[in-house]
Amino acid sequence: MFDAYSRFGLKLLRLNPAIKATGAQVHWAIDDPHELELAVPKLRFVEDISAYKPEHAARMGWVAKLFVRLWRHIPALRKVGRLLRYRF
């Protein structure tokens, strides 16, 4: 299991001040979790878990809560950041 970002999510992540401040570089994105099945023999996709759930937003400020609600309804934003689970 690991966190993954779509190509669009990677672009947004690069704008994050925390990422800029650390000098971290992010280069790899995955739009379709099944892409890895083609690259890694015997790897099987199990589950795609949204990193932005309403119950997590309950502890956030109103702006974050608004974004989490919007992200659920816009397909490109739904896949910005998520947890992907695989098995061999």
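Located above this text is the structure these notes cover.
All figures in this text were calculated on a predicted structure; none of them were measured in a lab.

On to a nonpolar patch on the surface, then. Residues Trp 62, Val 63, Leu 66, Phe 67, Leu 70 and Ile 74 make up a contiguous nonpolar surface patch of roughly 600 Å² in combined accessible area. Mapped onto the secondary structure, Val 63 falls in helix α5 (residues 62–73).

Attention now goes to the nonpolar core. Judged by nonpolar contacts, Ala 4, Ile 30, Leu 36, Leu 43, Leu 84 and Tyr 86 together constitute the single largest core of six residues. Every residue in contact with Ile 30, bar those within four places of it in the chain, is listed here: Ala 4, Tyr 5, Ser 6, Glu 35, Leu 36, Arg 82, Leu 84 and Tyr 86.

Okay, the sheet that holds strand β3 (residues 81–87) next. The sheet built from three strands is open, its strands ordered β1-β3-β2 with antiparallel pairing. Of all the strands in the sheet, just β1 (2–5) and β2 (44–50) have a single pairing partner and so form its edges. On average, each strand axis in the sheet is tilted by 40° relative to the strand beside it, whichever way the strands run. In the sheet, β1 pairs with β3 via four bridges, with the strands oriented antiparallel. Paired with Phe 2 across the strands is Leu 84, a residue of β3.

Turning our attention to the pattern of salt bridges. Counting across every chain of the model gives three salt bridges. The shortest N-O distance in the salt bridge between Arg 7 and Asp 31 comes to 2.2 Å. With a gap of 24 residues between them, Arg 7 in helix α1 (residues 7–15) and Asp 31 in the loop between α2 (17–22) and α3 (35–39) connect regions that are remote in the sequence. Note on Arg 7: relative accessible area 48%, which makes it partly exposed. Since its relative accessible area comes to 28%, Asp 31 is described here as partly exposed. Among the salt bridges present, the one from Arg 85 reaches Glu 47, with a minimum N-O distance of 3.0 Å. Residue Arg 85 is located in strand β3, and its partner Glu 47 is located in strand β2; the two are separated by 38 residues in the primary sequence.

Scoring rules and cut-offs
- Residues numbered from 1 in each chain as written.
- Predicted model: local features only at pLDDT ≥ 70, side-chain atom pairs only at ≥ 80, totals over all residues.
- Heavy atoms only, no water.
- Patch = residues over 30% accessible without salt bridge, like charges linked within 9 Å, V, L, I, M, F, W, Y side chains within 5 Å.
- Areas by Shrake-Rupley, 256 points an atom, 1.4 Å probe, with all protein chains shown as cover.
- Salt bridge = Lys/Arg side-chain N within 4 Å of Asp/Glu carboxyl O.
- Helix = DSSP H or I, 4+ residues; strand = E, 2+ residues; numbered from the N terminus.
- Core = buried A, V, L, I, M, F, W, Y, C linked by side-chain atoms within 4.5 Å.
- Buried < 20%, exposed > 50% of the residue type's maximum accessible area, 1.4 Å probe, protein only.
- Contact = heavy atoms within 4.5 Å.
- Pairing = 2+ DSSP bridges.
- Axes fitted to C-alpha atoms, helices over the stretch in contact; angles between N-to-C directions.

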